[in-house]
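Remarks on the overall topology
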Amino acid sequence: RLQPTATCLGKVVLQSLQSAVMPPNKLCDADGAATESCACGLISKPQEQTCSNKRMKQRKELHIAPMLNYSTREFRQLLRILSRRAVVWTEMVVDETVHHAPNLDEHLGYDAEQHPIVCQIGGNSPELCGGATAVALGRYGYDEVNLNIDCPSERVSGRREFGAVLMKKAELAADIVREMQSSATTVAATDANASAEVSIKCRIGVDDLDDLEFAADFIRALRPVCRRFYLHARKCVLDGLMNARQNRSVPPLNYPRVYELCRLFPDCDFWINGGIRTLEEAKLIAYGSNNVALGNIEKEEGSNGEHLHHQQQHSVPCDLCNMPHGSCIEPPLLAPANLRGCMMGRAAMDDPCLFHDVDRYYYGEKANPCKNRRDVLEKYCTYLEQRHPRRCCSDGENYCSICADVYRTAESREDEASTLEWPASTNDVQESTGCKTTKKPEKGKPKIASPIIGRCLKPVQGMFNGIPSSRVFRRVCDKLGQNATIRNCGPGYILRKAMQSVPPDILDREF
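Residues numbered from 1 in each chain as written. Predicted model: local features only at pLDDT ≥ 70, side-chain atom pairs only at ≥ 80, totals over all residues. Heavy atoms only, no water.

A count of helices and strands for the protein gives 23 helices and eleven strands. Within the protein, the fraction of its 511 residues that count as buried is 56%. Of all intrachain contacts in the protein linking residues separated by at least 6 positions in sequence, the fraction that spans at least 24 positions is 77%. Surface exposure of the protein reaches about 22100 Å², of which carbon and sulfur atoms provide 48%. (Helix = DSSP H or I, 4+ residues; strand = E, 2+ residues; numbered from the N terminus. Buried < 20%, exposed > 50% of the residue type's maximum accessible area, 1.4 Å probe, protein only. Contact = heavy atoms within 4.5 Å. Areas by Shrake-Rupley, 256 points an atom, 1.4 Å probe, with all protein chains shown as cover.)

Laid out in C-alpha cells, this is it:
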C-alpha cells in the first residue's frame, strides 16, 4: 500500500502512485486478461486528444451527468457514438479505490475517442484526493477531474462522510480541492499534454441550509481554489430522511438561484444540472429563451444582470411553472455569460437516442454522427466485439457453431452448409441460439463473465423508448443475456441477435 504523506503530492507522489498502483507496460483489461498496453491507449496518451483548452473555446457545453452503476465505459461509448461533442463523465470513483485497487484500469480505463471526458472523484481526504487527481490527469489523461460534493446517499454522506455532507464542511472541502489543484498543477508542469482542470459538483443547499446566502457563502469559501462549479439546482436532505432517488426528485428545483449565483460570481463558470429532460430545454437554459427564439445563439450573452427582470416573479415554490413540489425551471431570458452549459443524466439512461441530435441542434454542427438506430447499434456492436472478443472458439477460428449464423462469411456458409445443421428460424430465440450445440471454451481459456454481459447490454435498454418494439427488444436482451450457453460468444453477438427481434423498418427509420 502507498502511504500518502500530508505534505506534498508533487512529482514524488505521482511517480509512487504510478509505480505502486499501475506498473508500466503491464495493465489488465476489464475481463482480467493481462495486456501490454491498454485498449484505450492510456500507456502513451494520444497526442491529438480533445483537451480542456479546446473545450474552453466552445460557447456552451452539454454534459452527460455521472450516474453510479450506469456511467460505465460501455455507456460512455454508446453516448460517444451518438454525439462527438457532448462531454461524458465517469461514475464517481472513491479516492481510496484509486490508491488500493489491484486493477485500476477497471475503474479509470476509457477509450481514446471518449474525449472530452471528466473523471469524478469522491472522498474526504485531501491527500488521497490529491493523489487520485495526479493519477487521473497524469496517468490516464482525463480532460478534467471533478470533486463530488453532490451525492446524498446515506452510505456516502453518512457513514463515509463525503459527498453532499461536505457542503456543511466548507473548510475541509477547500483543503481537498487545494490538494487536487496542487496535484493538477504538478502534472501539467511535467506533461505538456495534460490538463490542469479541477472542478466541483455540488447542490445549492443541504437540509435546512437552503437559501441563496448559504449557497453563496459556500462558493465564496471555495472560490480561492476553484472557479468551476456544476450545480445540481436543488437542495438535498441527509441523515437518511430521504433516499438517493427521493433526493433527485422531491426537493424542488430552483433555477433562479443558479442564475443569481452566476451574477454574484462573474469570475466563476457554472453548469446547471437537474430536471432537464430534452435538448430543447437544455438549449433554452444555456442560451436564454430570447436568443433561442431569435436564433442568436452565436451572439454574446447579455450581462449577468439582464436575465433577472423576467425572472423576478418566479420563486420557489413556483406557481407559474406548475411543476411538482413547487419547482421553478424557468429559463433565463438572456443567459448569464458565465453559465457555461447544462448537464443531463436520467434522460440519457431512459432514452439515449434523445442525444442523436446533440451535435447539430445544440452545438451547431452540419450533421450528426448517426442517422438511425441500426447505425448506432451496429457501431456499438463493433465496439463490443473489439472490447470483449469472442471466447467460444479455438485460436484461429472466427466463430463457433452458435455464432456462425452471424459471423461466418457468405463463402463459408456455402462450404459448411453440408456439414452443419443451422436453426430453421432466426426469429425464434431458443432455436437461433443453438443452446444444445455450444462448444465449451478450451481448458484454461478465460470466460466472459455474466456481469460483463449485463453491463454491455444495460446502456441499450432504452434504445427504442416510445416505440412499440421496445418491450420485445428489452425482453430478448434479458433472455439472451441470461443464457449461459451463448455467453462466450460475446455481448456483441448477443446484441446482434437481439436486433433481429426489431422490425427492419424501425431499425432503419431516420431519427
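On we go.
As a further point, take the packing of helix H20 (residues 450-457) against helix H22 (residues 491-499). Relative to each other, H20 and H22 sit at 50 degrees, their axes nearing to 10 Å. One way to sum up the angle between H20 and H22 is to call them oblique. In this structure, H20 crosses over H22, and the sense of that crossing is right-handed. For the pair formed by H20 and H22, the contact residues are Ile 453, Cys 456 and Leu 457 on the first element and Pro 491, Ile 494 and Leu 495 on the second. Here the contact of H20 with H22 is built from residues that sort into six nonpolar, no polar and no charged. (Axes fitted to C-alpha atoms, helices over the stretch in contact; angles between N-to-C directions. Parallel < 35°, antiparallel > 145°, perpendicular 65-115°, else oblique. Left-handed = near helix turned anticlockwise from the far one by under 90°. Nonpolar A, V, L, I, M, F, W, Y, C, P; charged D, E, K, R; others polar.)

Attention now moves to the confidence of the model for the protein. Mean pLDDT over the protein works out to 83, with 77% of the residues at or above the 70 mark. Overall, residues 1-54 carries pLDDT values under 50, and its contacts beyond four positions in sequence, including any with other chains, amount to 110 contacts. Low confidence marks residues 417-439, where pLDDT is under 50. Its contacts with residues over four positions away, or in another chain, come to 37 contacts. (pLDDT = per-residue confidence, 0-100.)

A word on the nonpolar core. Judged by nonpolar contacts, the single largest core of 90 residues is most densely connected at Leu 62, Ile 272 and Phe 355. With seven residues, helix H8 (residues 170-190) is the single largest residue contributor to this core. Look past the residues within four positions of Phe 355 in its chain and what remains in contact with it is Leu 62, Ile 64, Leu 79, Leu 82, Ser 83, Leu 279, Met 344, Ala 347 and Ala 348. The next biggest cluster of nonpolar side chains, apart from the first, holds 42 residues, and it includes Cys 381, Cys 403, Leu 480 and Met 499. (Core = buried A, V, L, I, M, F, W, Y, C linked by side-chain atoms within 4.5 Å.)

Our focus in this paragraph is the environment of Tyr 110. Note on placement: Tyr 110 falls in the loop between helix H5 (105-108) and strand E6 (117-122). Spatially, the C-alpha atom of Tyr 110 lies 9.0 Å from that of Thr 90, the residues being 20 residues apart in sequence. A distance of 3.3 Å separates a polar atom in the side chain of Tyr 110 from a polar atom in the side chain of His 115. Here Gly 141 takes part through its backbone oxygen, which lies 3.2 Å from a polar atom of the side chain of Tyr 110. (Polar contact = N/O pair within 3.5 Å; in protein donor to acceptor, adjacent residues only side chain to side chain.)

Attention now moves to H22. Burial runs high along H22: nine of the nine residues are buried. Listed in full, the buried residues belonging to H22 are Pro 491, Gly 492, Tyr 493, Ile 494, Leu 495, Arg 496, Lys 497, Ala 498 and Met 499.

This brings us to the packing of helix H6 (residues 126-139) against H8. Between H6 and H8, the least distance of the axes is 8 Å, while the angle of their chain directions is 30 degrees. Crossing handedness for the pair H6 and H8: right-handed. Counted together, Pro 126, Cys 129, Gly 130, Gly 131, Thr 133, Ala 134, Leu 137 and Gly 138 of H6 and Leu 172, Asp 175, Ile 176, Glu 179, Met 180, Ser 183, Ala 184 and Val 187 of H8 form the full contact between these two elements. Across the contact of H6 with H8, the residue classes break down as nine nonpolar, five polar and two charged.

With that out of the way, let us pick up the packing of aromatic side chains. Following the criterion strictly, the structure yields ten aromatic pairs and no others. Measuring from ring centre to ring centre gives 4.7 Å for Tyr 110 and Tyr 142, while their planes differ by 50 degrees; the resulting arrangement is tilted. Separated by 32 residues along the polypeptide, Tyr 110 in the loop between H5 and E6 and Tyr 142 in the loop between H6 and strand E7 (144-149) bring together distant segments of the chain. For Tyr 142, a relative accessible area of 1% translates into the label buried. (Phe/Tyr/Trp six-rings, centres within 6.5 Å; stacked < 30°, edge-to-face > 60°.)

The next thing to look at is the pairing of strand E11 (residues 339-344). Remark: a regular strand shows side chains that alternate across the two faces of the sheet. Burial analysis of E11 places six of its six residues in the buried class, which makes it a mostly covered element. As paired elements, strand E3 (residues 61-64) and E11 share four bridges and run parallel to each other. Following the sheet pairing, Leu 62 is matched in E11 by Cys 342. Here strand E10 (residues 269-273) runs beside E11; their pairing, made up of four bridges, is parallel. Counted as the bridge partner of Ile 272 is Cys 342 from E11. (Pairing = 2+ DSSP bridges.)

Now for the pairing of strand E8 (residues 198-203). Among the six residues in E8, six count as buried, and that is most of the element. Neither face of E8 is left uncovered, since the one carrying Val 198, Ile 200 and Cys 202 and the one carrying Ser 199, Lys 201 and Arg 203 both have all their residues buried. Direction of pairing for E7 relative to E8: parallel, over a ladder of five bridges. Bridging across to E8, Val 145 finds its partner in Val 198. Pairing of E8 with strand E9 (residues 228-232) involves four bridges; the strand directions are parallel.

All right, on to the environment of Ala 404 then. Tracing the backbone through its elements, the reader meets Ala 404 in helix H17 (residues 404-407). For Ala 404, a relative accessible area of 0% translates into the label buried. Taking the C-alpha atoms as reference, Ala 404 lies 9.9 Å from Tyr 493; in sequence the two are 89 residues apart.

For the rest of this paragraph, the subject is helix H3 (residues 73-82). Side chains that are three or four residues apart share a direction in an α-helix, a result of its 3.6 residues per turn. With ten of its ten residues buried, H3 lies for the most part within the structure. Buried residues of H3: Arg 73, Glu 74, Phe 75, Arg 76, Gln 77, Leu 78, Leu 79, Arg 80, Ile 81 and Leu 82, and no others.

This next bit is on the pattern of salt bridges. With the rule as written, the count across this model stands at 23 salt bridges. Here Glu 365 and Arg 85 are joined by a salt bridge, their closest N and O atoms 2.2 Å apart. With Glu 365 in the loop between helix H15 (358-362) and helix H16 (373-387) and Arg 85 in the loop between H3 and strand E4 (87-89), the pair connects residues that are 280 residues apart, well separated along the chain. Across the pair Arg 496 and Glu 378 runs a salt bridge, and its minimum N-O distance is 2.7 Å. (Salt bridge = Lys/Arg side-chain N within 4 Å of Asp/Glu carboxyl O.)

Quick look at the state of the cysteines now. Within this structure, the stated rule accounts for zero disulfides. Cysteine Cys 202 shares no disulfide, and the gap to the nearest cysteine sulfur, in Cys 226, comes to 8.9 Å. The exposure class of Cys 202 is buried, given its relative accessible area of 1%. For Cys 370, which is in no disulfide, the shortest distance to another cysteine sulfur is to Cys 353 and amounts to 9.1 Å. (Disulfide = S-S within 2.5 Å.)

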